[in-house]
Amino acid sequence: MNIPNRWVRSDRFRQVASRALLDVGLAVGGSLALASFVTIAGDHGGLGYDTPSYWEAGRHVLDGTPLYQRDPYTTLALYTYPPIFAQLCVPFALLPELVFAWMSRIFAVLCLRYITGSWRATVVSCIFLPVLIELSIANVTLELAACLMFAMRDRRGAYLLPWAAMIKFGPALLVPYLWLRKPETRLPLVVGTLVFLAACLASFVLAPAAWSDYVNMLRFQNVTALSGQGVINLIPSGGGVDFVARFALAGAVSVVAAVWGRGWLAYAAASITCPVMAFSRLAPLVGLWRFRRPAEFQSPSDREVAAGEALA
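Criteria and cut-off values
Residues numbered from 1 in each chain as written. Predicted model: local features only at pLDDT ≥ 70, side-chain atom pairs only at ≥ 80, totals over all residues. Heavy atoms only, no water. Buried < 20%, exposed > 50% of the residue type's maximum accessible area, 1.4 Å probe, protein only. Helix = DSSP H or I, 4+ residues; strand = E, 2+ residues; numbered from the N terminus. Phe/Tyr/Trp six-rings, centres within 6.5 Å; stacked < 30°, edge-to-face > 60°. Contact = heavy atoms within 4.5 Å.

Novice: Could you give an account of unusual backbone geometry, naming the residues involved and the relevant values?
Specialist: Within the chain, Ala-138 stands out as a residue other than glycine whose phi angle is a positive 60°. On the basis of relative accessible area, Ala-138 is assigned to the buried category, the value being 4%. Positioned with a positive phi, Phe-169 is a non-glycine residue whose angle comes to about 70°. Looking at where Phe-169 falls in the secondary structure, it is placed in the loop between helix H10 (161–168) and helix H11 (175–181).

Set out below in structure tokens:
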């Protein structure tokens, strides 16, 4: 049976087709999310792969034991972030580790909801395998992506950007776009940076040895191979050189995004750039559709963002 071209091109057909695709996406994404939940819960009750490093870092601060060790990035529970982040994790270290893991995972789901813009889109995004991997290992990838999205949609989000950049460095690449295309974020960026630097100074006063150990850890990791399951390298066995190359490339992309006013490109460059690039780190890309969807499906805040980029 041939469907007339006139019907295929009609708004009614597009609405029916969109609804059908959405229903399929909800069914598939929901099924994958449920299967992942069962799998995660069956693995030591749901302990994450990355949350032990945050939880144990908080315990190290409480116990006064060293935060860093000379082991490769693939070592379980290895802590590679600044001491101030470990100090911020102290309240969570007072909780049972399993409780902290699930709290982190639930917060990641809420961040995914913010990135995608709706609960339906959240479920559909579970079709994208990196999303399920990130929710499984409980890294901070989705949390940082939500921070980036917040900074692009609300000037108050710029206050948080230095803190996000502290963790994975990549969020700093959003600064050129915000500074050039969203002048209202300049003051929050400056104030947020000064507050962050003051907090780092206080952290150094409290634990100067930890900061020295942090610098030594970075030197050690700089010469080790960034390898592991799902890891993506531009320079195989390049260690820190690989990250520098990727950061420079992403930096060039972020400058182009700022000059041309491409918010989606700035978000993409900042959200997937990190010291160790893995397949799962592509998860924040599910938020790109919010920069392109038709006006009739946009929320008022989405329309404000789109209008601002059109005028820029």
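Read on for the rest.
Novice: Break down the packing of aromatic side chains for me, citing the residues and quoting the values.
Specialist: Summed over all chains, the structure comprises 13 aromatic pairs. Here Tyr-54 and Tyr-81 contribute two aromatic rings whose centre-to-centre distance is 5.8 Å and whose plane-to-plane angle is 40°, an arrangement assigned as tilted. Taken together, the residues span a long stretch of sequence, with Tyr-54 in helix H3 (residues 51–63) and Tyr-81 in the loop between H3 and helix H4 (83–88) at a distance of 27 residues. Here the aromatic rings of Phe-92 and Phe-100 are separated by 5.5 Å at their centres, their planes lie at 35°, and the arrangement is tilted.

Novice: Can you tell me about the environment of Val-123, naming the residues and giving the values?
Specialist: One can find Val-123 in helix H7 (residues 119–125). Owing to a relative accessible area of 27%, Val-123 belongs among the partly exposed residues under this scheme. It is 7.8 Å that separates the C-alpha atoms of Val-123 and Gly-25, two residues lying 98 residues apart in sequence. Ignoring sequence-local partners within four residues, the contact set of Val-123 consists of Leu-26, Gly-29 and Gly-30.

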